[in-house]
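An overview of the molecular structure
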Amino acid sequence: QVQLVESGGGLVQPGGSLRLSCAASGFTLDYYAIGWFRQAPGKEREGVSCISSSDGSTYYADSVKGRFIISRNNPKNTVYLHMNSLKPEDTAVYYCAATSICGWANPYDYWGRGTQVTVSS
């Protein structure tokens, strides 16, 4: 019943943009921090961004800061990741996850199944 579903991935050229969506069902996102993670083949999963449930504070990995923007639309129970100026090294499966407080080390309660982002010319 509790579910997070990512969408919006696809193939894009370097320098292009995509908007990923993370839609929740079975629970309300208002009370959760939502993080975006990504994992490329042969690489460790890495945190990309997170948005707090309390004050809306946002956090970004150094590799995406200035290019990606995380936002939340609580009435729609959806969190977005706007990705701009995409680079080939951004290619990965992107996952959203719900937790109590933003952080890379703390556990996340719910995970989506991921959406593929491929940046290639």
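The shown structure was predicted, so the numbers you read here are calculated from the model rather than taken from an experiment.

Looking now at the sheet that holds strand β8 (residues 78–83). Taking strand neighbours across the sheet as the criterion, the 4 strands line up as β1-β3-β8-β7 in an open arrangement whose pairing is antiparallel. Here the strands that pair on one side only, and so sit at the sheet edges, are β1 (3–7) and β7 (68–73). Between one strand axis and the next, the sheet turns through 15 degrees on average, direction left out of account. Judged from the 6 bridges that link them, β7 and β8 form a sheet pairing that is antiparallel. Its bridge partner being in β8, Ser-71 is matched across the sheet by Tyr-80.

It is worth spelling out the environment of Tyr-80 at this point. As for its placement among the helices and strands, Tyr-80 is situated in strand β8. Classification of Tyr-80 as buried rests on a relative accessible area of 13%. C-alpha separation for the pair Tyr-80 and Ser-7, spaced 73 residues apart in sequence, amounts to 9.6 Å. When near neighbours in sequence (up to four residues on either side) are disregarded, Tyr-80 contacts Arg-19, Leu-20, Ser-21, Trp-36, Ile-69, Ile-70, Ser-71 and Asn-73.

Turning our eyes to something else, we now look at the packing of aromatic side chains. Evaluated as defined, the whole model comprises 7 aromatic pairs. With a centroid separation of 5.9 Å and 80 degrees between ring planes, the pair formed by Phe-37 and Trp-104 is classed as edge-to-face. Here Trp-104 lies in the loop between β9 (92–99) and β10 (110–111) and Phe-37 lies in strand β4 (residues 33–39), a separation of 67 residues in the sequence. Here Phe-37 falls in the buried class, since its relative accessible area comes to 4%. Taken together, the ring pairs in this structure connect Phe-37, Trp-104, Tyr-108 and Trp-111 into an aromatic cluster.

Reading the values: the criteria
Residues numbered from 1 in each chain as written. Predicted model: local features only at pLDDT ≥ 70, side-chain atom pairs only at ≥ 80, totals over all residues. Heavy atoms only, no water. Pairing = 2+ DSSP bridges. Helix = DSSP H or I, 4+ residues; strand = E, 2+ residues; numbered from the N terminus. Axes fitted to C-alpha atoms, helices over the stretch in contact; angles between N-to-C directions. Buried < 20%, exposed > 50% of the residue type's maximum accessible area, 1.4 Å probe, protein only. Contact = heavy atoms within 4.5 Å. Phe/Tyr/Trp six-rings, centres within 6.5 Å; stacked < 30°, edge-to-face > 60°.

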